[in-house]
Amino acid sequence: MSGNRCCKPTVKPALVCVILLAMPVRSAASPRAPHQAPGSRLTDNARVRAALDWFTPNISWVNDQQARITEIPAPPFQEAQRAALVKDLLAEAGLSSQIDKAGNVIGELRGANEKEIVVVAAHLDTVFPPGTDVKVHRNGSRMDAPGISDNGSGLAALLAFARALQFAHVKPQRTILFVGDVGEEGEGNLRGMRAIVDAYRGKLKAVVVLDGSGTDHVTTKALASRRLEALITGPGGHSWSDFGMPNPINALVRGSVRFINSKVPATPRTSFNIGQIEGGTSVNSIPHEARIKVDIRSESEDELARLESALRECISAGVRDEMESSRDRSKGKLEWKVELLGSRPGGELAADSALLSALRAADEYVGNQSRIERSSTDANIPLSEGIEAIAIGAGGSGGGAHSLQEWYDAAGREAGLKRALLTVLGVSGVAEGKSR
Ligand SMILES: [Zn+2]
């Protein structure tokens, strides 16, 4: 586990903890940025308060941007059109904006200290294939459409933050990068966030990921996972005249039964799933190939490694069993391979990190309570490298993620926007003086 690196430049983390602990539980405590003088708080700053006050009168603008973004399809590996819109909207909010080689949109709000960077990111991609009807149906504060919450709400929040900070002339201490990243879902394998961490590794002090709706959780623990494909091939033939030839589907079934009998521990929690199975051409043909796709997850990297090698051993044994039981091995041999389709590394944010302190102070300020969660998000990448990171919802409520019935309700979203923006400013700090 990583995430213990402390990078707060001016105030010791212990001091922040002491201040937070000293606050009365019921008071509307105000978060304080690490760069501000002891005793002064983030929300004592008039510009910060003006930025927070921007949300309520502008909620319908935020909702409109969310609908507009959601109606531009962004299937896996096809995020470019949506990225172009987000880039324009960030530029309209006064940020210098670009699209990097990976396809990520990056809008920059320059800090007093440009050598240190805080990233606030929302993924651009959806799980929905091209051709999915993504028209948004609105009814009051409710919006229905695939992708409206995951991650229309995160992207709308990103734009709202840029607008609010521009309106209030907030100049951060550390540079803030507003990122719409590609490849968060499925086989995208977090490639967008990997590119961001690669590009800014030395300067990157914290990453706040906005993913979906709500304010009920904070993901500080990155769930490690691997996706694998097992493929078995053979010569293939006729079901009657070539009977006795080794059959790739038979071998895959033999190997799969061995694999699903693997024992996994309850603690550390570990899971496996055969999610896809394919192969064969017709009922009266001996197939020439068969494949499965397998997802494995664990709180422990050791368990992941163990399960991955179990899959290889089981597939190999399935092939051996099939070859041994085939009547006529002269009719061909089976080949097999197991390939890694994707890997998400694990990691964990330290309980005494500056970022978690900033989130807790923001929760306190908006009167929110949130629980710590472990899950698989863009935050996996920075957390696995010891860079402070969390994933949180962007406010409002939602449901049906990854389904055609997905919905979002913007009622009360201001609290989520304030919570997330205060968290970002809590780690970026706010500089003296006005921006631009
Ligand atoms: Zn998402």
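From a predicted model like this one, the values you see are computed outputs, not experimental measurements.

Enquirer: Explain the coordination of the zinc ion here, please?
Expert: By definition of the ideal shapes, four donors in a tetrahedron about a metal sit 109.5 degrees apart, and six donors in an octahedron sit 90 or 180 degrees apart. Summarising the metal site, the zinc ion is bound by the protein donors H123 (NE2), D150 (OD), D211 (OD) and D211 (OD), whose distances to it range over 2.0 to 2.8 Å. Between consecutive donors of the zinc ion, the numbers of intervening residues give the motif H-x26-D-x60-D. On the criterion of sequence distance, the pair formed by H123 in strand β3 (residues 113-123) and D150 in the loop between β5 (142-144) and α5 (152-168) is long-range, its members being 27 residues apart. In this structure H123 comes out as buried when scored by relative accessible area, which is 1%. Judged by relative accessible area, which is 11%, D150 ranks as buried.

Enquirer: Looking at this structure, how should I read the confidence of the model for the chain?
Expert: Confidence in the prediction for the chain averages 91 pLDDT; 90% of positions are at 70 or higher. Overall, residues 1-30 carries pLDDT values under 50, and its contacts beyond four positions in sequence, including any with other chains, amount to 58 contacts.

Enquirer: Would you explain unusual backbone geometry in this entry?
Expert: With the exception of glycine, most residues fall at negative phi, and the peptide bonds are largely trans. With an omega dihedral of 20°, the bond running from D150 to N151 counts as a cis peptide bond. Looking at the secondary structure, you find N151 in the loop between β5 and α5. Residue P268 is reached from T267 by a cis peptide bond, and omega for that bond is -5°. Mapped onto the elements of the fold, P268 is located in the loop between α7 (248-260) and β12 (270-279). Backbone geometry at F77 places phi at a positive 70°, although glycine is not the residue there. Topologically, F77 is positioned in the loop between α3 (59-70) and α4 (80-92). Within the chain, N189 stands out as a residue other than glycine whose phi angle is a positive 55°. Looking at where N189 falls in the secondary structure, it is placed in the loop between β7 (174-181) and α6 (191-200).

Enquirer: Would you mind going over the sheet that holds β12 with me for this structure?
Expert: Two strands in a sheet stick together by hydrogen bonds in their backbones, pointing the same way (parallel) or opposite ways (antiparallel). Spatially, the four strands line up as an open sheet ordered β12-β14-β10-β15, and their pairing is antiparallel. With one partner strand each, in any of the chains shown, β12 and β15 (335-344) form the two edges of the open sheet. The average undirected angle you get between the axes of adjacent strands in this sheet is 15°. Pairing between β12 and strand β14 (residues 289-298): nine bridges, direction antiparallel.

Enquirer: For this particular structure, what's the right way to read the sheet that holds strand β20 (residues 407-409)?
Expert: Strand order in the open sheet formed by four strands is β4-β5-β20-β19, with antiparallel pairing between adjacent strands. Unpaired on one side and paired on the other, β4 (137-139) and β19 (397-399) mark the two borders of the sheet. If you compare each strand with its neighbour and ignore which way they point, the axes differ by 15° on average. Sheet topology places β19 next to β20; three bridges connect them, and they run antiparallel. Within β20, the residue paired with G398 across the bridge is Y408.

Enquirer: Would you take a moment to explain the pattern of salt bridges for this structure?
Expert: Side chains that differ in charge, positive against negative, can pair when their charged atoms come close. Scanning all chains against the criterion turns up 32 salt bridges. A salt bridge links E301 to R226, with the nearest nitrogen and oxygen atoms 3.7 Å apart. Linking E301 in helix α8 (residues 301-325) with R226 in strand β10 (residues 224-233), this pair joins segments that are 75 residues apart in sequence. Three or more residues are tied together by salt bridges with common partners; here these are K221, E299, E348 and R374.

Enquirer: What should I look at first to understand the packing of aromatic side chains in this one?
Expert: Centre-to-centre distance and the angle between the planes together describe a pair of aromatic rings. Enumeration over the complete set of coordinates arrives at four aromatic pairs. A centroid spacing of 6.0 Å and a plane angle of 80° characterise the contact between W54 and F55, whose relative ring orientation is edge-to-face. Classification of W54 as buried rests on a relative accessible area of 8%. The class for F55 is buried, based on a relative accessible area of 0%. For the pair W54 and W61, a centre-to-centre distance of 5.9 Å together with 80° between the ring planes defines the contact as edge-to-face. An aromatic cluster is built from W54, F55, W61 and F161, whose rings are joined through pairwise contacts.

Enquirer: Whenever I open this one, α6 confuses me. Can you help?
Expert: Given 3.6 residues per helical turn, the α-helix brings residues three or four places apart onto the same face. Of all the residues in α6, the buried ones are G192, M193, I196, V197 and Y200. For α6, the angular spread of buried residues about the axis comes to 130°, placing them on one side. Exposed residues lying more than 90 degrees from the buried face of α6 are D198 and A199. Of the surrounding elements, those touching the buried residues of α6 are β1 (96-99), β2 (105-109), β3, β7, β8 (204-210) and α10 (380-384).

Enquirer: What exactly am I supposed to notice about the packing of α3 against helix α11 (residues 413-428) here?
Expert: Running from N to C, α3 and α11 cross one another at 85°; their axes reach a closest spacing of 11 Å. In terms of orientation, α3 and α11 fall into the roughly perpendicular class. Contact residues: I59, V62, N63 and Q66 in α3; R413, E414 and L417 in α11. In the contact of α3 with α11, the residues fall into three nonpolar, two polar and two charged.

Enquirer: I keep staring at the nonpolar core and nothing clicks. Help me out?
Expert: Generally speaking, a soluble globular protein has its nonpolar side chains buried in company with each other. In terms of nonpolar packing, the biggest core is built from 80 residues, with F55, V119, F161, L165, F178, L210 and L425 touching the most fellow members. At eleven residues, the largest contribution of residues to this core is made by α5. Here V119 is in contact with L177, V179, I196, L204, A206, V207 and V208, once residues within four sequence places are set aside. Counting 20 residues, the second-largest nonpolar core is a separate cluster that includes A224, I232, I315 and M323.

Enquirer: When you look at the environment of E373 in this model, what are you seeing that I'm missing?
Expert: Looking at the secondary structure, you find E373 in strand β17 (residues 371-375). Residues E373 and W54, 319 residues apart in the sequence, show an inter-C-alpha distance of 30 Å. At a separation of 2.7 Å, a polar atom in the side chain of E373 contacts the side chain of R371.

What counts, and at which threshold
- Residues numbered from 1 in each chain as written.
- Predicted model: local features only at pLDDT ≥ 70, side-chain atom pairs only at ≥ 80, totals over all residues.
- Heavy atoms only, no water.
- Donors = N, O, S within 2.8 Å, 3.2 Å for Na, K, Ca; no water.
- Helix = DSSP H or I, 4+ residues; strand = E, 2+ residues; numbered from the N terminus.
- Buried < 20%, exposed > 50% of the residue type's maximum accessible area, 1.4 Å probe, protein only.
- pLDDT = per-residue confidence, 0-100.
- Contact = heavy atoms within 4.5 Å.
- Pairing = 2+ DSSP bridges.
- Axes fitted to C-alpha atoms, helices over the stretch in contact; angles between N-to-C directions.
- Salt bridge = Lys/Arg side-chain N within 4 Å of Asp/Glu carboxyl O.
- Phe/Tyr/Trp six-rings, centres within 6.5 Å; stacked < 30°, edge-to-face > 60°.
- Arc of directions from axis to C-beta.
- Parallel < 35°, antiparallel > 145°, perpendicular 65-115°, else oblique.
- Nonpolar A, V, L, I, M, F, W, Y, C, P; charged D, E, K, R; others polar.
- Core = buried A, V, L, I, M, F, W, Y, C linked by side-chain atoms within 4.5 Å.
- Polar contact = N/O pair within 3.5 Å; in protein donor to acceptor, adjacent residues only side chain to side chain.

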